[in-house]
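Spelled out from the first residue to the last, the chains are:
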Amino acid sequence: MTPRLQRLLLAAAAVSVLGGTLGALSMSTMGEELVYYWSPTELHAKGDAARDATVRIMGMVVDGSVEWMPEEQRLAFRVTDGSEEVAVEGTGAPPQMFREGIGVVVEGRLHADGVFRSQTVMVKHDNAYAPPAEGEMPDEVYRALQASSAEGT
Amino acid sequence: MSPDQAAEVGSGVVTGGWTYVTAAYCVCWTVLVGYVASLWWRHPRGEA
Amino acid sequence: MDLPPLEALPLTPGKAVAVLAILVIALLNVRAGRRPWYLARWEDAFGLVGLCLLLDGQYMGLVDAPRERMMGEVGRILYVHVPSAWLTMVAFTLTCLFAIGFLVTGWRSLDLLVESAAEVGVALGIVLQLTGMLFARPTWGVYWDWDPRLVSTAVMLLSFIGVLTLRSLLTDPDQRANLTSAGAILATTSMIVTYFSVRWWRSLHQMQSSPDTVASPMVLVLRINAFAMLFLFTWLLVRRWRLARALAARDEAPPLPSAEVPA
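To start, this report covers the structure provided alongside it. (Residues numbered from 1 in each chain as written. Chains lettered and ligands numbered in written order. Predicted model: local features only at pLDDT ≥ 70, side-chain atom pairs only at ≥ 80, totals over all residues. Heavy atoms only, no water.)

Let us look at the overall build of chain C. Scanning chain C from N- to C-terminus turns up seven helices and zero strands. Considering chain C as a whole, with its 263 residues, one finds that 52% of them fall into the buried category. Sequence-distant contacts, at least 24 apart, represent 78% of the contacts inside chain C between residues at least 6 apart. (Helix = DSSP H or I, 4+ residues; strand = E, 2+ residues; numbered from the N terminus. Buried < 20%, exposed > 50% of the residue type's maximum accessible area, 1.4 Å probe, protein only. Contact = heavy atoms within 4.5 Å.)

Listed below in structure tokens is the structure:
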């Protein structure tokens, strides 16, 4: 085998492995079985199989469902995928980007009482980046929030 | 968790965080400068 | 930050470095009596332009660019993270093309370019991974999670580090060149998987941004930083290639004939 033929065969083999792997990955259903998170609907569909296993679920924080108990460092909220909801309870303060309506990925277990208890709340934001709207600087938003919560207590 | 951080739960707005910004820009410069230094360091001596 | 915006500065950091560099190089060359600075290696011009663009681009990123609506100041990490991601992809794409080119033609220079592009890609990939972690902590809440995007990026970096390690262990030049190129083509799989990971699988990482999803003043700053990185990448690639050539020439040079030289 001449060196040139050897090189060409190597190239053909490597390129076909590359193409084959990518083709198989893009066609395969691995994405459906080995998922990073479940939606609330999928969590419910698993039924008892989902209990007592550590899983991640992803959903949007339901408007008006967030309850933060600073004394106990406890956080309660509900997440939705548009059709079903899951009640989540976490310990510790969530990331600063956490708010009503934002996507979150929570890692934890579904307990028998139907509450998903989690130690890790992660924010899944979208790919939009924009400056604050006219007259709305982040720290002003924050101060306004602080002021309103101070009035409330 | 400081009371300050607790007070802003649910705001959805990241406040501060300059440490992370500085660290990220420093990482960029450190790696670039370090890589250029390694190019210099690995070059055989006595050659242009 | 109370620094003035870039356009208000009479001399921007980038322009200042450009003027200074030209003065220093000219002075050094005049004193050393060597060839004039404008005959320095062509790629050094790319390096200088890249450096100046990066200084001004990052100044804009830190001072001029608006805060992000929700991320606040932390959104500024975008201007290092995203350009480093683009250039890592460019570097590994070139690595693959050089590798195919080498296996088809057998040109030695292409073999050296495979090694060079892969190594520069790994350096940029380290910037990508570390800035990504520093971006993730204040926004998502964690430095790291077993998310498909993060895992595939790490696998991509390890694949190319593996190819470079394999290369450093082989001694036969033909075998080394062939296996490096074949390995680089295989490692490219992980790069393409990394690119598509956010589309194929569910992940914590958001989809790629585009000018449609990023506000225009931010797009401008991103573009300047991307071009800065592109120029710097070109400079690093060619410099790394010259290093590879110098090392190869040294290794192949016949032993010094000093012993045989008659007195």
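Evaluation of the coordinates by the stated rule reveals 19 salt bridges over all chains. A salt bridge links Arg-74 of chain A to Glu-72 of chain A; the nearest nitrogen and oxygen atoms lie 3.2 Å apart. With a relative accessible area of 28%, Arg-74 of chain A lands in the partly exposed category. Taking relative accessible area as the criterion, Glu-72 of chain A reaches 46% and is therefore assigned partly exposed. The shortest N-O distance in the salt bridge between Glu-43 of chain C and Arg-239 of chain C comes to 3.6 Å. Taken together, the residues span a long stretch of sequence, with Glu-43 of chain C in helix α2 (residues 42-64) and Arg-239 of chain C in helix α7 (residues 216-252) at a distance of 196 residues. (Salt bridge = Lys/Arg side-chain N within 4 Å of Asp/Glu carboxyl O.)

This part is about helix α4 (residues 108-139) of chain C. Quick reminder: α-helices carry 3.6 residues per turn. Residues three or four places apart thus point the same way. Residue and element names in this part refer to chain C. Across its 32 residues, α4 extends 46 Å between first and last C-alpha, which sits within 8% of the 46 Å expected from 1.5 Å per residue. Taking burial as the measure, the 32 residues of α4 include 26 buried ones, the bulk of the element. Positive phi shows up at Gly-141, right after α4, with a value of about 110°. (Expected span 1.5 Å × (residues − 1).)

Right, let's get into the packing of aromatic side chains. Overall, the coordinates contain nine aromatic pairs over all chains when judged by the stated rule. When the centroid spacing of 4.9 Å and the interplanar angle of 65° are considered together, the rings of Phe-77 of chain A and Phe-98 of chain A count as edge-to-face. Of this pair, Phe-77 of chain A sits in strand β3 (residues 74-80) while Phe-98 of chain A sits in the loop between β4 (85-91) and β5 (103-110), and the two are 21 residues apart along the sequence. Across the pair, Phe-98 of chain A and Phe-77 of chain A agree in class, each one buried. Geometrically, the ring pair formed by Trp-42 of chain C and Phe-46 of chain C is edge-to-face, given 5.8 Å between the ring centres and 85° between the ring planes. Taken together, the residues span about one helical turn, with Trp-42 of chain C and Phe-46 of chain C both in helix α2 at a distance of four residues. Assessed through its relative accessible area of 28%, Phe-46 of chain C is described here as partly exposed. The lysine or arginine in question, Arg-7 of chain A, covers the ring of Phe-102 of chain C, its NZ or CZ lying 5.9 Å from the ring centre. (Phe/Tyr/Trp six-rings, centres within 6.5 Å; stacked < 30°, edge-to-face > 60°. Lys NZ or Arg CZ within 6 Å of the ring centre and 35° of its normal.)

Moving on to the interface of chain A and chain C. The interface is formed by 46 residues belonging to chain A together with 45 residues belonging to chain C. Buried surface at the junction of chain A and chain C, summed over both partners, amounts to about 3900 Å²; 64% is from carbon and sulfur atoms. There are two salt bridges connecting chain A and chain C. Counting the contacts that link chain A with chain C gives 17 residue pairs in polar contact (both at pLDDT 80 or more). If you list the elements that add at least two residues to the side of chain A that touches chain C, you get α1 (3-27), α2 (30-33), β5, β6 (115-124) and α4 (138-152) of chain A. The class makeup of the residues in the side of chain A that touches chain C is 28 nonpolar, eight polar and ten charged. (Buried area = accessible area lost by both parts, 1.4 Å probe. Polar contact = N/O pair within 3.5 Å; in protein donor to acceptor, adjacent residues only side chain to side chain. Nonpolar A, V, L, I, M, F, W, Y, C, P; charged D, E, K, R; others polar.)

Moving on, we get to the environment of Ile-224 of chain C. Inspection of the secondary structure puts Ile-224 of chain C in helix α7. In contact with Ile-224 of chain C, other than residues within four places in its own chain, are Leu-53, Gly-57 and Met-60 of chain C.

Residues and elements named next belong to chain A. Most of β5 sits inside the fold, with six of its eight residues counted as buried. In terms of strand pairing, strand β1 (residues 55-61) meets β5 through six bridges, oriented antiparallel. In the strand pairing of β5, Arg-56 is matched with Glu-107. Looking at chain direction, β5 and β6 are connected through eight bridges and run antiparallel. Among the inter-strand pairings, Gly-108 is bridged to a residue of β6, identified as Ser-118. Between β5 and β6, which follow one another and run antiparallel, lie four residues, and Gly-114 among them has a positive phi close to 85°. (Pairing = 2+ DSSP bridges.)

On to the side chain of Ser-190 of chain C, then. Along the chain, Ser-190 of chain C falls in helix α6 (residues 173-200). Residue classification places Ser-190 of chain C among the buried positions, given a relative accessible area of 11%.

Defined simply, a disulfide is a covalent bond joining two cysteines at their sulfur atoms. Residues and elements named next belong to chain B. Applying the stated criterion to the full structure yields zero disulfides over all chains. Cysteine Cys-26 is unpaired, with the sulfur of Cys-28 as its nearest cysteine sulfur at 9.7 Å. According to the relative accessible area criterion, Cys-26 is partly exposed, its value standing at 43%. (Disulfide = S-S within 2.5 Å.)

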